[in-house]
Amino acid sequence: MSPIGVTSSYNLRRYLELKRKTGGKIMRNLTYIIMISVLMIAASCSQTKTADTQTGFTAGVMAPMTGLSAALGKQMMQGVELAANESGNQIKLIIEDDQCDAKAGVTAAKKLIEIDHVDAILGPICTVAILPTAEMVEDAKTPRITTGMVVQKTASAGDYHFSFLPELKHQMNAIAKYAKAQGIKSVGTLALDDDLGREGISELKRSLARDGIDLTEEEYFDKAESDYRTMISKIKETNAQGIYVLGYSTNMIQIVKQADEVGFFVPILTWNLFQDPASIKLDNLSDSVVYTYPEDPRELSVKTAFKKRFMERFGQEPTLYAANAYDSYMILDLAVKSCGKDNECVKSKLASVKDYEGGNGFISVDDRGVGQRPEVSIKAVRNGKFVTIG
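Treat the numbers as computed from the prediction; the structure is a model and nothing was measured.

Trainee: For empty space enclosed by the protein, give the residues involved together with the corresponding values.
Mentor: All told, the structure shown has 4 cavities of 30 Å³ or more when counted by the stated rule. Empty space within the largest cavity amounts to approximately 80 Å³. The wall of the largest cavity is formed by L72, I125, C126, T127, G148, M149, L196, Y248, W271, L273 and Y321. Partitioning the lining of the largest cavity into residue classes produces 9 nonpolar, 2 polar and no charged.

In structure tokens form, the structure reads like this:
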């Protein structure tokens, strides 16, 4: 397969600068960036020119390529890469690192819109980078497909905003019903101190109340936090029968370990980001964790075939975000083939997605441009594998 037609802010000069500053030791989460840079060099002679000649359409990609959420950026780019290659590299891509950060997100969006004049944007994946850039995207009338979970604020971000993943509230409803079925009568919560974390817990509170479960304590943390023992102990003191965690995989893994250290042996409930290869390394500690995963549980032919091709290319199963990035690119590509550079036409096509079958199952959007798929699986780690238990 040929490389993606892509340009990027991360070029060879940037790589050499980082190498010099780190004494030759580049962080592991920069590996994918370096790979993208190599693809960029190869693409500059052929694929970018081909993409420009065939459609003239340019899409910006906003993803966390560095920082604590770089793993999410890698997953997203894997999906984009596979989709671009399979669709013939019809769209020129300009990749920007939003670092899963508000300030970096604004910088990335501003460059893509005001300097690169992109015709559409894929991403961001993180709520914290979506909301500060929403007005800029709307003012520019640039269709944008965000690639992370949807909360109420992002669902109402504007007419040019689309997301093919379902709203987080469905996961909250599912985990509350699971807790009730398990006889859990009270929980404490630990969540990111940002729009995702606070709105997510607000949704959870509504679900818990509906199922007659008490919320005993709310604690919030910065995404860079590493010591949660005091917060866990506060929840333990309330005699909560369970704990719900809403954070990134690095946060959740540390919380599982530290809950064991402080002797708080209760079920740990969480969301889809727990399905990360690093979670397997928790060994027996993962036995206490149950998480939600928004997926179409059926073994659909397109989803099965996508999974096979993804594993052949990357040597691992696609994550929710990799599959969604793949679907997002493919749906945008279909719109471009029909509309060319007409942004209003592209917007209309994205707003009318119905029963599209992709790597994540079937996708339809509502009048806000948000994916409608209420199915949620209950999953856990068993014998070193992620399995569905309900």
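Trainee: Tell me about the packing of aromatic side chains, and name the residues and values.
Mentor: What the rule picks out here adds up to 7 aromatic pairs. Here the aromatic rings of F274 and Y291 are separated by 5.7 Å at their centres, their planes lie at 50 degrees, and the arrangement is tilted. Note that F274 is positioned in the loop between β10 (268–270) and α13 (277–280) and Y291 in strand β11 (residues 289–293), a separation of 17 residues in sequence. Side by side, F274 and Y291 carry an identical accessibility label, which is buried. Ring plane angle 55 degrees and centroid distance 5.8 Å describe the contact between F306 and F310, whose orientation is recorded as tilted.

Trainee: Describe in detail the pairing of strand β15 (residues 385–388), supporting the description with residues and values.
Mentor: Pairing analysis gives 4 bridges linking strand β14 (residues 377–382) to β15, with the strands arranged antiparallel. If you follow V381 over to β15, its bridge partner there is F386. Between β14 and β15, which pair antiparallel one after the other, the connecting turn spans 2 residues, and N383 there sits at a positive phi close to 55 degrees.

Trainee: Can you tell me about the layout of surface pockets, naming the residues and giving the values?
Mentor: What the largest pocket holds in volume is close to 1600 Å³. Those elements that place two or more of their residues in the lining of the largest pocket are α2 (31–45), α4 (70–86), α12 (249–261), α13, α14 (301–314), α15 (320–339), β14 and β15. With 6 residues, the top contributor of residues to the lining of the largest pocket is α4. Split by residue class, the lining of the largest pocket holds 18 nonpolar, 17 polar and 11 charged.

Trainee: Could you give an account of the state of the cysteines, with specific residues and numbers?
Mentor: Inspection of every chain in the model, using the stated rule, returns 2 disulfides. Two residues, C100 and C126, share a disulfide whose sulfurs are 2.0 Å apart. Its S-S torsion of approximately -110 degrees makes the covalent link between C100 and C126 left-handed. In this pair, C100 sits in the loop between β3 (92–97) and α5 (102–115) while C126 sits in the loop between β4 (120–122) and α6 (127–130), placing the two residues 26 residues apart along the sequence. Judged by relative accessible area, which is 1%, C100 ranks as buried. Judged by relative accessible area, which is 2%, C126 ranks as buried. The partner cysteine of C339 in its disulfide is C345, sulfur to sulfur 2.0 Å. The disulfide joining C339 to C345 has a torsion of about -60 degrees about its S-S bond and is therefore left-handed.

Trainee: Tell me about the packing of α4 against α14, and please be specific about residues and values.
Mentor: Between α4 and α14, the least distance of the axes is 11 Å, while the angle of their chain directions is 105 degrees. Judged on the interaxial angle alone, α14 and α4 are roughly perpendicular. Note on element contacts: α14 touches α4 through F306, R309, F310, R313 and F314, opposite Q78, G79, E81, L82, N85 and E86. For the contact of α4 with α14, the residue count by class is 4 nonpolar, 3 polar and 4 charged.

Trainee: Please give an account of helix α10 (residues 195–210) that cites residues and values.
Mentor: Here α10 is 16 residues long and its end C-alpha atoms lie 23 Å apart, about the 22 Å a rise of 1.5 Å per residue gives. For α10, the full list of buried residues reads L196, G197, E199, G200, I201, E203, L204, S207 and L208. Between a side-chain oxygen at the N-terminus of α10 and the backbone nitrogen of L196 the separation is 3.1 Å; the capping residue is D194. At the exit of α10 stands G212, carrying a positive phi of roughly 70 degrees.

Trainee: Give a detailed account of the environment of N239, specifying residues and quantitative values.
Mentor: Within the fold, N239 resides in the loop between α11 (229–237) and β9 (243–246). A sequence separation of 22 residues divides N239 from E217, and the C-alpha atoms of the two residues are 10.0 Å apart.

Trainee: Requested: an account of the confidence of the model for the protein, with residues and values cited.
Mentor: The pLDDT averaged across the protein works out to 88; a share of 86% of its residues lies at or above 70. Scored below 50 in pLDDT, residues 1–53 makes 80 contacts in the model with residues more than four places away or belonging to other chains.

Trainee: Tell me about the nonpolar core, residues and numbers included.
Mentor: Grouped together as the largest cluster of nonpolar side chains are 96 residues, with contacts concentrated most on L190, Y244, W271, Y321 and L332. For this core, the element with the highest residue contribution is α15, accounting for 13 residues. Each residue touching Y244, except ones within four places of it in the same chain, is listed here: M172, I175, G188, T189, L190, I201, L204, L269, T270 and W271. Membership of the second largest hydrophobic core comes to 11 residues, among which are A109, L112, V118 and V137.

Trainee: I'd love a proper account of the side chain of E219, names of residues and values included.
Mentor: With respect to the secondary-structure elements, E219 resides in strand β8 (residues 214–221). For the buried E219, no salt bridge exists, and the shortest N-O distance to an oppositely charged side chain is 4.2 Å, to K234. Residues in contact with E219, not counting those within four places in the same chain, are T189, L190, A191, M231, K234 and I235.

Cut-offs used in this document
Residues numbered from 1 in each chain as written. Predicted model: local features only at pLDDT ≥ 70, side-chain atom pairs only at ≥ 80, totals over all residues. Heavy atoms only, no water. 1 Å grid on protein atoms, 1.4 Å probe; cavity = no way out; pocket = protein on both sides within 12 Å on 5 of 7 lines; lining within 4 Å. Points joined across faces, edges and corners; volume = space filled by probe spheres on them. Nonpolar A, V, L, I, M, F, W, Y, C, P; charged D, E, K, R; others polar. Phe/Tyr/Trp six-rings, centres within 6.5 Å; stacked < 30°, edge-to-face > 60°. Helix = DSSP H or I, 4+ residues; strand = E, 2+ residues; numbered from the N terminus. Buried < 20%, exposed > 50% of the residue type's maximum accessible area, 1.4 Å probe, protein only. Pairing = 2+ DSSP bridges. Disulfide = S-S within 2.5 Å. Axes fitted to C-alpha atoms, helices over the stretch in contact; angles between N-to-C directions. Parallel < 35°, antiparallel > 145°, perpendicular 65-115°, else oblique. Contact = heavy atoms within 4.5 Å. Expected span 1.5 Å × (residues − 1). Polar contact = N/O pair within 3.5 Å; in protein donor to acceptor, adjacent residues only side chain to side chain. pLDDT = per-residue confidence, 0-100. Core = buried A, V, L, I, M, F, W, Y, C linked by side-chain atoms within 4.5 Å. Lys, Arg positive; Asp, Glu negative; His and termini not counted. Salt bridge = Lys/Arg side-chain N within 4 Å of Asp/Glu carboxyl O.

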